[in-house]
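Coordinate inspection notes
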Amino acid sequence: MILTVVASISAAACYSVAAVLQQEAAVTAPPDRALRFGLLAYLVRRGRWLAGFAADVAGFALQMFALAYGSLMLVQALLVSGLFFALPLGAARSGRRLGRTEWTGVAALGLGLIALTAADPSSGRDPSGRGWVAVGVLTLVPAVLLNLCPGPVGSVARPLRLATATGLIYGATALLTKVTGELLRHEVGAAATSWQPYLLALLTVWGMVLNQSAFQAGPLAASLPMLTAAEPVVCAGIGVAVLHEHPMLPAVATVSALAAVVLGVVVLTRSPLVLSIHETERDTSHVPGRFVPSGEG
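About the criteria used
Residues numbered from 1 in each chain as written. Predicted model: local features only at pLDDT ≥ 70, side-chain atom pairs only at ≥ 80, totals over all residues. Heavy atoms only, no water. Salt bridge = Lys/Arg side-chain N within 4 Å of Asp/Glu carboxyl O. Helix = DSSP H or I, 4+ residues; strand = E, 2+ residues; numbered from the N terminus. Buried < 20%, exposed > 50% of the residue type's maximum accessible area, 1.4 Å probe, protein only. Core = buried A, V, L, I, M, F, W, Y, C linked by side-chain atoms within 4.5 Å. Contact = heavy atoms within 4.5 Å. Axes fitted to C-alpha atoms, helices over the stretch in contact; angles between N-to-C directions. Parallel < 35°, antiparallel > 145°, perpendicular 65-115°, else oblique. Left-handed = near helix turned anticlockwise from the far one by under 90°. Nonpolar A, V, L, I, M, F, W, Y, C, P; charged D, E, K, R; others polar. pLDDT = per-residue confidence, 0-100. Patch = residues over 30% accessible without salt bridge, like charges linked within 9 Å, V, L, I, M, F, W, Y side chains within 5 Å. Areas by Shrake-Rupley, 256 points an atom, 1.4 Å probe, with all protein chains shown as cover. Expected span 1.5 Å × (residues − 1).

So, about the pattern of salt bridges. Scanning all chains against the criterion turns up 2 salt bridges. In this structure, Glu24 and Arg48 form a salt bridge, with 3.4 Å as the shortest nitrogen-oxygen distance. Here Glu24, found in helix α1 (residues 2-26), pairs with Arg48, found in helix α3 (residues 47-69); they are 24 residues apart in sequence, far enough to count as distant. Classification of Glu24 by relative accessible area gives buried; the value is 15%. The salt bridge involving Glu182 is made with Lys178; its shortest N-O contact spans 3.2 Å. Residue Glu182 and its partner Lys178 are both found in helix α8 (residues 157-186); the two are separated by 4 residues, about one turn of the helix. We note that Glu182, like Lys178, is buried.

Turning our attention to the nonpolar core. For soluble globular proteins, nonpolar side chains are generally found buried alongside one another. In this structure, Leu43, Leu72, Leu87, Leu109, Leu175, Leu224 and Ile238 are the most contacted members of the largest nonpolar core, which totals 61 residues. Counting residues per element, this core draws most heavily on α8, at 11 residues. Not counting chain neighbours up to four residues away, the residues in contact with Leu224 comprise Ala19, Leu83, Ala86 and Leu87.

A word on unusual backbone geometry. Although it is not a glycine, Leu35 adopts a positive phi angle of roughly 60 degrees. Within the secondary structure layout, Leu35 lies in the loop between α1 and α2 (37-43). Overall, the relative accessible area of 24% leaves Leu35 in the partly exposed class.

On to the packing of helix α7 (residues 129-148) against α8. Relative orientation of the contacting elements α7 and α8 amounts to 155 degrees, with a least axis distance of 8 Å. If you check the angle between α7 and α8, you find them roughly antiparallel. Between α7 and α8 lies a crossing whose hand is left-handed. Touching Trp132, Val135, Leu138, Thr139, Leu140, Pro142, Ala143 and Leu146 of α7 are Arg161, Thr164, Ala165, Leu168, Ile169, Ala172, Leu175, Leu176 and Val179, all from α8. Grouping the amino acids of the contact of α7 with α8 by side-chain chemistry returns 14 nonpolar, 2 polar and 1 charged.

Moving on to the confidence of the model for the protein chain. Low-confidence regions, as indicated by low pLDDT, have predicted coordinates that should not be scrutinised in detail. For the protein chain, mean pLDDT is 80; residues scoring 70 or higher make up 85% of the total. Across residues 281-297, confidence stays below pLDDT 50; counting only partners more than four residues off in sequence or on other chains, it has 28 contacts.

With that settled, the discussion passes to a nonpolar patch on the surface. Among the surface-exposed residues, Val133, Val137, Leu138, Val141, Val144, Leu145 and Leu148 lie close enough to one another that they form a single nonpolar patch of about 670 Å² accessible area. With respect to the helices, strands and loops of the structure, Leu145 is situated in helix α7. Since its relative accessible area comes to 53%, Leu145 is described here as exposed.

Here we come to the side chain of Glu182. Classification of Glu182 as buried rests on a relative accessible area of 16%. Setting aside its immediate chain neighbours within four residues, Glu182 contacts Leu67, Ala68 and Asp126.

Moving on: α8. With 30 residues, α8 extends 44 Å from end C-alpha to end C-alpha; this agrees with the ideal 44 Å at 1.5 Å per step. Judged by how many residues are buried, α8 sits mostly within the fold: 22 of 30 residues are covered.

A few words now on the environment of Leu89. Inspection of the secondary structure assignment puts Leu89 in helix α5 (residues 83-93). Spatially, the C-alpha atom of Leu89 lies 8.4 Å from that of Ser16, the residues being 73 residues apart in sequence.

Looking now at the side chain of Ser8. The residue Ser8 is located in helix α1 in this model. Taking the relative accessible area as the measure of exposure, Ser8 reaches 0% and is therefore buried. Excluding its chain neighbours within four sequence positions, the residues that come into contact with Ser8 are Ala66, Val75, Leu78 and Leu79.

Here it is as C-alpha cells:
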C-alpha cells in the first residue's frame with residue numbers, strides 16, 4: 001500500500017513536469033501539423049520536448065508499478081495530485097501567477113476527483129471479454145468522434161475537446177497498463193503472447209498525438225484540467241463496471257464529488273488567466289518567425 005501511494009504520487013510529479021515542458025514545445029509547432037504524426041516528428045527534434053518525454057517515461061514506469069499492486073481507481077486518484085504541481089509551474093514559467101479563481105478551480109477539481117475515485121485497494125478482478133468490449137465502445141468510439149471534430153483552430157474549445165479525447169484514451173490505456181503490469185509481474189512470456197501489451201503500445205502513440213495536439217492548441221490551463229478530469233472519471237467507471245472495484249462513497253457524496261469536478265473544469269477553462277494566455281498565443285501565432293526552427297531546443 002505504501003509503495004503504491006509513493007509510486008503514484010511520484011508518477012504524478014513526473015507527469016506534471018512533462019506536461020509543462022511538452023506544452024511549451026508543442027505550442028510553437030505549425031498549426032497544420034495538429035492531429036498528425038508529423039507533429040511528433042517536429043517535436044522529437046526539440047530538446048525541451050525530449051526532456052518532457054523523459055519525464056513521461058519515468059512517470060509511466062512508476063504508474064505501471066503502482067497499477068500492478070494497487071487498484072485502478074486508487075492509483076488514478078493519486079495521479080490527480082499532479083494538477084497541483086503542473087498549473088502553478090506552467091503559470092510561473094509563462095510569467096504569470098495563479099489567482100484566487102484558478103486556485104478555487106484547482107481545489108474543486110482535485111478534491112472532487114480524489115473523493116470520486118476513492119476505492120478499496122484490495123477489491124477488483126480481471127476484466128471479462130464483455131468488459132473489454134464495453135471499454136472500447138465507451139472510450140475509443142467517443143475519442144474517435146472528438147478527433148474528427150476537434151473544433152475550430154484558435155478557439156478555447158479546441159484544446160478542451162482534444163484533452164477530453166486524450167483523457168478517454170488514457171483511461172483505456174490505464175486499464176491496459178494495469179493488466180500488462182500484472183502479466184509482467186507474474187511471467188514475462190505471458191505478456192509477450194498476450195494482446196494487451198500490443199494494444200497498449202498502439203493506444204499510447206495515439207494518445208500522445210492527441211495530447212500534444214491539445215497542448216499545441218492552447219495554454220496548459222486550457223487543456224490540463226479536462227485531461228486531468230476525464231482520465232480518472234473514466235477509470236472510476238471502468239473500475240466499478242469492469243473490474244468490480246467498490247467505491248467507499250454514498251450516493252450523495254458521489255454526486256457532490258461530480259459537481260466539484262464540473263465546477264473545477266468550468267472555473268479553470270473560463271478563468272482570466274487561461275483566456276489572457278490564449279489571446280496572447282493566438283495573437284502571436286500570426287507573427288512572422290514565431291515558429292522556432294525544428295533544430296533548436
